[in-house]
Every structure is written in structure tokens, then in C-alpha cells.
Amino acid sequence: MLKVEHLYKSYRNGNNVYEVLKDVSFEVKQGEFVAVMGPSGSGKTTLLNCISCFIPHDKGKILLQNNELSRLDEKQIAKVRNENLGFVFQDFMLLDGLTVFENVCVPKVIRKEVYGPMEKKAKNLLELFGIHEIADKYPAEISGGQKQRTAVARALMNDPLLILADEPTGNLDSRSSEAVISAFLEAQKTLNATTFMVTHDSFSASYCDRVIVMRDGNVYTELVNNGDRKKFLEQLLDILKNLNGGEQE
Ligand SMILES: Nc1ncnc2c1ncn2[C@@H]1O[C@H](COP(=O)(O)OP(=O)(O)O)[C@@H](O)[C@H]1O
Ligand SMILES: [Mg+2]
């Protein structure tokens, strides 16, 4: 599904070159829910932004279903972003002037799709995530957890190959975080959705199938959840504690 091969990315500031990603390789399979963790500054957001095609990378390959993203021109990238990727951001990025229902419809409105099937699809997703009762409310009238579940529904509207989420629970309390993580799990179970999520929240990550741990622009290790979530959480906390001398993001 997603293959990242020997990825390099540096930022240039005048004469200074700062290498952020140094030979990053990993894979995400169809239907997997994968988290990326690691200390602040380890390159998580940069990695996600490269996969999102928000920023170009220097070297290496990003393959989405065997299509190499860096080979695409701007028009093709816009198409991939609308049709194959779904995005969930830390600060929701909902449109304040649109209702929950209308926000969820946006990706299909952009594609100028007809109303009937769009309405049906949106209603199914709202129901799936338990937000159908607030369909006509505006973002200002709903909780953070409800906003983020709206964003997850919107991300799924075009049946993307991959959902990319940067700190989706970063602005939420623990109860709302759980509701958002359940939305990703529900999408995985019901729609076989594939999610790649950057998070510094070990609790959220403990619900994932696998966690890729980054350090200094590299994949430090990968941990697989063998089904015992509490044990997985302990493992994650241990690794992260060792990584940064106890300091976490
Ligand atoms: N646009 C940029 N220009 C220069 N340096 C950047 C830029 N974006 C991020 N960095 C630097 O790259 C490093 C990795 O950043 P980032 O990918 O945001 O890490 P993380 O998400 O793991 O905290 C940090 O040291 C950050 O200061
Ligand atoms: Mg970040």
C-alpha cells in the first residue's frame, strides 16, 4: 500500500543544511493502523508532510500502491491528494460556516459529484462515528471530539487509499481522544481503511497495530501490537522513556 524507501529530506537555511530525514524506510499494509512516535524534532511531521506531498523530498522513494509520488506533476498530485489521501489535522481544519454534514461533503463537492450518493455516503459515515445527531450543527456548537470525528468522516468521504493524521488527538482530552481513536478503529473494521498517524500520545498509539519509533531522522525501532493493549502500552512507554532520557514530546 504505502512504501517509503531510503527517504532523505533536509532543510536549507542560507548556507546551513539541516538533515531531518536520513534514510527512512518502512511499509504500511492495506487495512493497517500504524502510529509514528518519537521525540520532538525527530522528523515525524516532516515525514508525514513528504507522504502528503506538501513538501518535496530530496532522495528516496514514496510509493502509494506502487505509484511513485515524486514522479507526479502538480496536477496529478492534486488528484492523488483529493482521491487517494484523506487528511486529519491536530486543529481539525473544519470550515466554520458549514454544518457537520456539509463539512463531511466537501471532498465530494470539490469533485462536483451529484448530491444523492454524496448525501447517502455522508449519512453512513456520520452514523458510523456516532455524530449523525449533530449533522446540522456548526463547528462552534460541538465538542473537540465531535469536531475530530467529523474530520475523520470527511477524510473517508472519497474512500482514500490512506488516511494521514498528524497529532489527531493533540488538542483533545482523554475521553475525546478515545472517541477519535474508536473512529479510526471503526473505519479499519468496517471499511478496511488504512491509517498512518503521528502522535506523541502513547495511549492513543497503544490501539494501533504497529508503532514506528523515530529518533534523529531515522527509524529507531518498530513495535508490533500482539493484541494485549495494556502490555503494548507499557512497551511503548518503556521505549520512549529510554529514547530521550525520560523526556517525551
Ligand atoms: N520548514 C523548516 N525549515 C527548517 N527546519 C525545519 C522546518 N521544519 C522543521 N524543521 C526542523 O526539522 C526538525 C524536525 O522537525 P519535525 O519534522 O517537525 O519533527 P517532529 O514532528 O518529530 O517534532 C526540527 O529540528 C525542526 O526544527
Ligand atoms: Mg510534529
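For the structure itself, look to the data block above.
Cut-offs used in this document
- Residues numbered from 1 in each chain as written.
- Chains lettered and ligands numbered in written order.
- Predicted model: local features only at pLDDT ≥ 70, side-chain atom pairs only at ≥ 80, totals over all residues.
- Heavy atoms only, no water.
- Helix = DSSP H or I, 4+ residues; strand = E, 2+ residues; numbered from the N terminus.
- Buried < 20%, exposed > 50% of the residue type's maximum accessible area, 1.4 Å probe, protein only.
- Polar contact = N/O pair within 3.5 Å; in protein donor to acceptor, adjacent residues only side chain to side chain.
- Pairing = 2+ DSSP bridges.
- Phe/Tyr/Trp six-rings, centres within 6.5 Å; stacked < 30°, edge-to-face > 60°.
- Lys NZ or Arg CZ within 6 Å of the ring centre and 35° of its normal.
- Axes fitted to C-alpha atoms, helices over the stretch in contact; angles between N-to-C directions.
- Parallel < 35°, antiparallel > 145°, perpendicular 65-115°, else oblique.
- Left-handed = near helix turned anticlockwise from the far one by under 90°.
- Contact = heavy atoms within 4.5 Å.
- Nonpolar A, V, L, I, M, F, W, Y, C, P; charged D, E, K, R; others polar.

1. Regarding the side chain of K44
Examined against the element boundaries, K44 turns out to sit in helix α1 (residues 44-51). According to the relative accessible area criterion, K44 is buried, its value standing at 6%. Reaching out from K44, the side chain makes a polar contact with the backbone oxygen of P39 at a distance of 3.1 Å.

2. Things to note about the sheet that holds strand β1 (residues 2-13)
Spatially, β2-β1-β4-β5 is the arrangement adopted by the 4 strands of the open sheet, whose pairing is antiparallel. Strands at the two margins of the open sheet, each flanked by one partner only, are β2 (16-28) and β5 (67-68). Note: strand β4 (residues 59-64) against β5, 2 bridges, orientation antiparallel. Along β5, the bridge assignment pairs L64 with N67.

3. Looking at the packing of aromatic side chains
This model, assessed by the stated rule, comprises 6 aromatic pairs. Between F54 and F87, the ring centres sit 5.6 Å apart and the planes meet at 40 degrees, which makes this aromatic pair tilted. Of this pair, F54 sits in the loop between α1 and β4 while F87 sits in strand β6 (residues 85-88), and the two are 33 residues apart along the sequence. The exposure class of F87 is buried, given its relative accessible area of 13%. When the ring of F101 is compared with that of Y115, the centres are 6.5 Å apart and the planes differ by 70 degrees; the resulting orientation is edge-to-face. Of this pair, F101 sits in helix α3 (residues 100-110) while Y115 is found in helix α4 (residues 115-128), placing the two residues 14 residues apart along the sequence. Judged by relative accessible area, Y115 falls into the partly exposed class, the value being 47%. The ring of Y8 carries the charged tip of K59 above its face, separated from the ring centre by 4.4 Å.

4. Some details on the packing of helix α5 (residues 144-156) against helix α6 (residues 174-191)
Between α5 and α6, the shortest axis-to-axis distance is 8 Å and the interhelical angle comes to 20 degrees. In this view, α5 runs roughly parallel relative to α6, as classed from their interaxial angle. As for how α5 packs across α6, the hand of that crossing is right-handed. In this structure, α5 uses G145, Q148, R149, V152 and L156 to contact α6, whose residues at the interface are S176, A179, V180, A183, F184, A187 and L191. Looking at the contact of α5 with α6, its residues break down into 8 nonpolar, 3 polar and 1 charged.

5. Describing the pairing of strand β10 (residues 218-224)
Pairing between strand β9 (residues 210-215) and β10: 6 bridges, direction antiparallel. Counted as the bridge partner of I212 is E222 from β10. The antiparallel hairpin formed by β9 and β10 contains 2 residues in its connecting segment, where D216 sits at a positive phi of about 45 degrees.

6. With respect to the sheet that holds strand β3 (residues 33-37)
Pairing between the strands of a sheet comes from backbone hydrogen bonds, and it takes one of two forms, parallel or antiparallel. Spatial strand order, β6-β7-β8-β3-β9-β10: 6 strands in an open sheet with mixed pairing. With partners counted over all chains shown, the strands left at the sheet margins are β6 and β10, one partner each. Taken over all neighbouring pairs, the strand axes of this sheet differ in orientation by 20 degrees on average, direction set aside. Across the sheet, α5 lies against β6 and β7 (162-166), angled at about 170 degrees from β6, the strand it touches most.

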